[in-house]
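# Residue-level structural notes
These are the residues of each chain, in order.
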Amino acid sequence: MNCVANALEVGSTKALLHVEDVCKAYGPKVVLENIDLNVRQGELCTVVGPSGCGKSTLLRLILGQERPTSGKILIDGQPVGMPSPERGVVYQKYSLFPHLSVLENVVLGKKLSASFLERFKLRTHFVEEAKFYLDKMRLWDHRHKYPHELSGGMQQRVALAQALIMKPEILLMDEPFGALDPGTREHMQVFLLELWEDFGMTVFFVTHDLEEAVFLGTRILVLSQFYSDDRGPSFANRGARIVADYPLARSASSTVVKEQAEFGKLIQDIRREGFDPDYLQHVTSFNLRHSDSFQTLTQEEYDEANHR
Amino acid sequence: MGNRLNFLGLHAEPSSRVRMLVGLLPLVVLICAYLTVSYYRLHANPRDKLTPSPGRMIEATKTMAFTKDQRTGTYLMLSDTVSSVKRIAMGLGSAALVGLVAGINMGMLPGIGATFLPIVTFFSIIPPLAILPILFILFGVGELGKVMLIFLGAVFIITRDMYYTSRTIPREQIVKALTLGASQFEVVYQVVLPQIMPRLLVAVRLSLGAAWLFLIASEAIASTDGLGYRIFLVRRYLAMDVIIPYVLWITCLGFLMDSVLKLLVSWKYPWFEAAGK
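Residues numbered from 1 in each chain as written. Chains lettered and ligands numbered in written order. Predicted model: local features only at pLDDT ≥ 70, side-chain atom pairs only at ≥ 80, totals over all residues.

### A short note on the overall build of chain A
Secondary structure summary: chain A contains 9 helices and 13 strands in total. Going through the 308 residues of chain A one by one, you find that 44% of them count as buried. If you take every contact in chain A between residues at least 6 apart in sequence, the share linking residues at least 24 apart comes to 73%. (Helix = DSSP H or I, 4+ residues; strand = E, 2+ residues; numbered from the N terminus. Buried ≥ 20, exposed ≤ 12 C-beta atoms within 10 Å, placed from the backbone. Contact = placed C-beta atoms within 7 Å.)

### Examining the confidence of the model for chain B
All names here are of chain B. Overall, the predicted model of chain B reaches an average pLDDT of 91, with 97% of residues at or above 70. Across chain B, element-level confidence peaks in helix H4 (residues 76–108) with a mean pLDDT of 95 and bottoms out in helix H1 (residues 2–5) with 53. Both confidence scores are given for the complex: pTM 0.83, ipTM 0.84. (pLDDT = per-residue confidence, 0-100.)

### A closer look at the interface of chain B and chain A
The interface of chain B with chain A comprises 17 residues on the first partner and 22 residues on the second. Elements with a contribution of two residues or more to the side of chain B that touches chain A: helix H8 (171–179), helix H9 (184–221) and helix H12 (271–274) of chain B. Looking at the side of chain B that touches chain A, the element that brings in the most residues is H8(B), giving 6 residues. In the side of chain B that touches chain A, the residues fall into 10 nonpolar, 4 polar and 3 charged. (Nonpolar A, V, L, I, M, F, W, Y, C, P; charged D, E, K, R; others polar.)

### A closer look at the pairing of strand E3 (residues 44–48) of chain A
Residues and elements named next belong to chain A. Burial of E3 is extensive: 5 of the 5 residues sit out of reach of the surface. Here E3 shows two buried faces, one formed by Leu44, Thr46 and Val48 and the other by Cys45 and Val47. In this structure, E3 lies alongside strand E8 (residues 203–206), joined through 4 bridges in parallel fashion. In the sheet register, valine 47 faces E8, and the bridge partner there is valine 206. (Pairing = 2+ DSSP bridges.)

### Digging into the packing of helix H6 (residues 132–139) of chain B against helix H7 (residues 143–167) of chain B
All names here are of chain B. Two numbers describe how H6 lies on H7: the axes approach to 8 Å, and their chain directions differ by 140 degrees. By the angle class used here, H6 and H7 are oblique. In this structure, H6 meets H7 at a crossing whose hand is right-handed. Across the interface between the two elements, Leu132, Leu135, Phe136 and Phe139 of H6 pack against Leu144, Gly145, Met148 and Leu149 of H7. Partitioning the contact of H6 with H7 into residue classes produces 7 nonpolar, 1 polar and no charged. (Axes fitted to C-alpha atoms, helices over the stretch in contact; angles between N-to-C directions. Parallel < 35°, antiparallel > 145°, perpendicular 65-115°, else oblique. Left-handed = near helix turned anticlockwise from the far one by under 90°.)

### Digging into the packing of H9(B) against helix H11 (residues 240–268) of chain B
All names here are of chain B. Between H9 and H11, whose axes approach to 9 Å, the crossing angle comes to 175 degrees. In terms of axis orientation, H9 runs roughly antiparallel to H11. Taking contact as the criterion, the partners of Pro198, Leu201, Val202, Val204, Arg205, Leu208 and Trp212 in H9 are, on H11, Ile250, Gly254, Met257, Asp258, Leu261, Lys262, Leu264 and Val265. Taken together, the residues of the contact of H9 with H11 sort by class into 11 nonpolar, 1 polar and 3 charged.

### Quick word on the sheet that holds strand E5 (residues 78–79) of chain A
Spatial strand order, E2-E1-E4-E5 (chain A): 4 strands in an open sheet with antiparallel pairing. Looking at the sheet topology across the chains shown, the edges are occupied by strand E2 (29–39) and E5 of chain A.

### What about the domain arrangement of chain B?
Once the domains are mapped, chain B shows domain 1 (2–51) and domain 2 (66–274). For domain 1 of chain B and domain 2 of chain B, the distance between their C-alpha centres works out to 34 Å. (Domains from an automatic or database assignment.)

### Side note on the confidence of the model for chain A
Looking at chain A, pLDDT values average 82 and 87% of them are 70 or higher. Across residues 1–13 of chain A, where pLDDT falls below 50, the model places 26 contacts with residues more than four positions away in sequence or in other chains.

### Remarks on unusual backbone geometry
For Asp21(A), which is not glycine, the phi dihedral falls at a positive 60 degrees. Positionally, Asp21(A) belongs in strand E1 (residues 17–26). A residue is classified by how many C-beta atoms lie within 10 Å of it, and Asp21(A), with 18 of them, is partly exposed. The backbone of Leu238(B) shows a phi angle near 55 degrees, a positive value even though the residue is not glycine. The topology assignment puts Leu238(B) in the loop between helix H10 (227–234) and H11. On the basis of neighbour counts, which here come to 12 C-beta atoms within 10 Å, the residue Leu238(B) falls in the exposed class.

### Topic: the sheet that holds strand E13 (residues 287–288) of chain A
All names here are of chain A. With mixed pairing, the 7 strands of this open sheet are ordered in space as E6-E7-E8-E3-E9-E11-E13. The strands lining the two open edges of the sheet, one partner per strand, are strand E6 (87–90) and E13. Here strand E7 (residues 170–174) pairs with E8 via 4 bridges, running parallel. Bridge pairing links methionine 173 to phenylalanine 205 in E8.

In structure tokens, the structure reads:
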């Protein structure tokens, strides 16, 4: 695979998260290909795509849980290594430790990051801090319960508190509301927006739910393996790429916006660009409207784009 | 009435009272059968030793448990119990400790696992009783030989169990702990270890049966005290009046240990069963 960086790159220096030319393959199977991405601080960046397109793989690469086959991933200009506290994570499940109570789950991060002596000296301080976050999640009254005694929505709220207490530079969320029933899910979406505004978080939110992605995001990335390039239509081993990148107007944190016509129109557009196996855009004509968006093309693709 | 008629059917729903009654039934039948046989045999030959009467057994138990032995000056049943339980506790306890540390490290650190899993699996398949002579040669016929037999009989199984259990911890949890600032050491000993502790107690529970087997076997072959030693000693005199109470007593002890471990799990680790392990 010939991944040559070129002049289409913009503003990589000010990005909190910078992903360039990242490819990921499992053996011969290419999952992600030539992923280019900048995410600014304070952005709520949602990632959608058809199932199996590698959304979660991208998240795991950023998290450091897996390493890219090629390319680089920088956080604050530093290459990412093993998972560490500057990148928080909330999974769909398994975010909480089943053997710890709600309070212990939230305090755990503070304890693990403290030295042996501090764990005793600062214990009350840790609990106070945990209380702040648990109050925010309206869960302080449930602090002595174990995760299995909580509903799905409450578990995810604990997981949020558990991640936020570490004040991560970027919060990675992998289908966090995927297992919740629709009512709880909508409630959690609004709740997440409140937290995002309160704490000025940077969020990288992976979901397969297009409506959720458009509703939550200040920016939406569409990851898809349905595109065309110069390798011809019979070439099957295409890794997913970012085929569209829109800025979204964050108008109101109310679910009313979901009823509006523009909202529906945007979803229709994205569904066509990302989810329709018969609608194949060429790599040079992706809809990368976001100002932070950039693309590294192969030399041939670049020449072709310039001749158009 | 319908339920009773369907008692042997697929859809039988015996009430809890019925369950208890029918559960006790086989035991009652067995005891009655013994008493009948014992009665007729003693009727024919009052000196018969094979099927002692309950009175005879109680008498023998009293002698063993509540009368000082003239030769050693101890209560034999008590000293036998103490020696045997000590051996089991030392053997199983050390096996649990070693099995936990070895298993968790093999499970969490792929390099360690790849190195030691084959050899541990190999050793776990060797029948421990087959190497009893080797143990007696190596460690002598004293306490160490017997404790080693129990230890070796349990440690490889427990290690493998702990290995597989720690491998079931979802990868997400390990990564999550790292994002919370845990070091590799803390992931293993503060995140994974507490989660597999209840499973360790379950593994010890399951090993108890084997441990008793090895204990009785080694005491029968070379010992000067212990429950197994006593049974095999009095066998020479066909003293069924001692053997039967001793076997019942051993059963009680085993049941007690099992219950204590079971209670310990549900008391100390309330999340264990509920979290759907």
